[in-house]
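# Results of the structural survey
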Amino acid sequence: MAEFIPRKRPGNILKAFAQLARPQVHLALVGDGIILEEMRELASELGIQKQVHFLGLRRDIPILMRASVATLIASSQEGLPNCVMESFCIEVPVIGTEIRGTRDLLENGNGLLVKLGDINEIASAMTWILDHPEEAQHMGKGGRENMVNYDLPHILKAIRGFIC
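Just so it is clear, the model here is predicted, and its values are computed rather than measured. (Residues numbered from 1 in each chain as written. Predicted model: local features only at pLDDT ≥ 70, side-chain atom pairs only at ≥ 80, totals over all residues. Heavy atoms only, no water.)

## Examining the sheet that holds strand S5 (residues 112-114)
In space, the three strands of this open sheet follow the order S3-S4-S5, with parallel pairing throughout. Since the sheet does not close on itself, it has two edges, and those belong to strand S3 (71-73) and S5, each with one partner. Between one strand and the next, the sheet's axes are offset by a mean angle of 15°, whatever the strand orientation. Here strand S4 (residues 94-97) pairs with S5 via three bridges, running parallel. Paired with Gly96 across the bridge in S5 is Leu113. Its contacts with the sheet put helix H6 (residues 119-131) on S3, S4 and S5, and the angle it makes with S5 is roughly 165°. (Pairing = 2+ DSSP bridges. Helix = DSSP H or I, 4+ residues; strand = E, 2+ residues; numbered from the N terminus. Axes fitted to C-alpha atoms, helices over the stretch in contact; angles between N-to-C directions. Contact = heavy atoms within 4.5 Å.)

## Re the pattern of salt bridges
Under the defined criterion, the tally for this structure stands at six salt bridges. Close ionic contact of Glu78 with Lys8 constitutes a salt bridge, the shortest N to O distance being 2.6 Å. On the criterion of sequence distance, the pair formed by Glu78 in the loop between S3 and helix H4 (82-89) and Lys8 in the segment before helix H1 (10-20) is long-range, its members being 70 residues apart. A residue is classified by how much of its surface remains accessible, and Glu78, at 11% relative accessible area, is buried. Looking at Lys8, the relative accessible area reads 16%, which means it is buried. For the salt bridge of Glu37 with Arg40, the shortest nitrogen-to-oxygen distance reads 3.1 Å. (Salt bridge = Lys/Arg side-chain N within 4 Å of Asp/Glu carboxyl O. Buried < 20%, exposed > 50% of the residue type's maximum accessible area, 1.4 Å probe, protein only.)

Below, the structure is given as structure tokens:
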């Protein structure tokens, strides 16, 4: 679930997915943006066009997330990524790049962190999630437990600490 723009790095996801080489596994990408057609072409060049589904803009994100094995965020810049928090709220494990925001949410083993731009590491993380479903599910549950720190009462309490 992302805008198809360069900083989101969807090409890294496609390249890592191609390395996965598991024809029974599918990748769903939701969103629109200036590099969408470029990503469709890349999927075709990589020979994964039958496994990659470009779903466009959708309003049923929670349903799509629940149907997923994991959420993958390969961005080079994020604030506090909503897709990670949304995934955790429904106990879906996350693979994310070691950047501010994503790193904060995935700390304490709540997900798999990968180096920014490291295609091999992204592919390895995908493989791990697929090969360790029980552990991945446990990660998603740990992420949900961590989301209590981001609910409104906790945020208001933190803000009050900054105000006189």
